[in-house]
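Coordinate inspection notes
Letter by letter, the chains look like this.
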Amino acid sequence: MSVSSRQEARLLSADEADLVARSHHPSLREADDTGLAELITRLRERRDRARDVSRRQRRELRGKAAPSGARPVTDNTGTRQKAALLAAAVKRASKESERRRNA
C-alpha cells in the first residue's frame, strides 16, 4: 500500500518523519555504513515502540487492560498505520544494508 507524504506527515512525529525520509532513495544510498546501521537501529526502536503501543491500545479496546491514558482508547488505526510505516522504512534500510554486504 502506497502512503502519501501528507499522510506520513500526519501519522509521524517530526523526528520519525526525518528517519523515514532518510530511508528513501537517494538519501539512503548516500548514507555511509555506520550511518545506515544507526538509522536501522533507530527505526527499529521507533517501530517496536509503536507496535507495543498499538498492542496495548488493542488490549484496552477489548477490555483486557485498564486504560493507561487520560481518556480510554476508542481506536488504534493511527498507531497501527504508524507501525506499518516504520516497518516499511526498516525493511528498505535493511535491504540496502544487505545489498551492500553482498556487493
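These notes cover the structure that comes with them. All chains use their own residue numbering, which begins from 1 and follows the written sequence. With the structure being a predicted model, the display of local features is reserved for residues of pLDDT at least 70 and the display and counting of side-chain atom pairs for 80 or more, all residues being used for whole-chain, interface and lining totals. The side-chain values count all of the structure's non-hydrogen atoms but skip hydrogen atoms and water molecules.

Some remarks on the side chain of N76
Using the following cut-off: Secondary structure is summarised from DSSP: a helix means a run of H or I of at least four residues, a strand means a run of E of at least two, and numbering begins at the N terminus for each. Three labels apply to residues, based on accessible area from a 1.4 Å probe with only protein chains included: buried if under 20% of the type maximum, exposed if over 50%, partly exposed otherwise in between. Here a polar contact means two N or O atoms within 3.5 Å. Within protein one must be a hydrogen donor candidate and the other an acceptor candidate, and residues neighboring in sequence count only if both atoms are side-chain atoms.
Of note, N76 is situated in the loop between α4 (33–62) and α5 (77–102). Overall, N76 belongs to the buried group, its relative accessible area being 6%. In this structure the side chain of N76 is engaged in a polar contact, spanning 3.2 Å, whose partner is the backbone oxygen of S54.

Comments concerning the pattern of salt bridges
The criterion, for reference: Salt bridge, as used here: a side-chain nitrogen of Lys or Arg that lies within 4 Å of a carboxyl oxygen of Asp or Glu.
For the coordinates displayed, the defined rule picks out 13 salt bridges. Close ionic contact of D15 with R42 constitutes a salt bridge, the shortest N to O distance being 3.4 Å. You can see D15 sitting in helix α2 (residues 14–22) and its partner R42 sitting in helix α4, a full 27 residues away along the chain. Linking R46 and E16 is a salt bridge whose minimum nitrogen-to-oxygen distance equals 3.5 Å.

Side note on the environment of V53
Within the element layout of this structure, V53 appears in helix α4. Along the backbone, V53 and S4 are 49 residues apart, and their C-alpha atoms lie at a distance of 23 Å.

Quick look at α4
Every α-helix carries 3.6 residues per turn, so stepping three or four residues along brings you back to the same face. The test is simple: In this scheme, a helix's expected span is set at 1.5 Å multiplied by one less than its residue total. Should any heavy atoms of two residues lie within 4.5 Å, those residues are considered in contact.
With 30 residues, α4 extends 43 Å from end C-alpha to end C-alpha; this agrees with the ideal 44 Å at 1.5 Å per step. When we look at burial in α4, the residues that qualify are G35, L36, L39, I40, L43, A50, V53, S54, Q57 and E60. Each element contacted by the buried residues of α4 is listed here: α2, α3 (27–30) and α5. The first or second residue beyond α4 is G63, which carries a positive phi of 90°.

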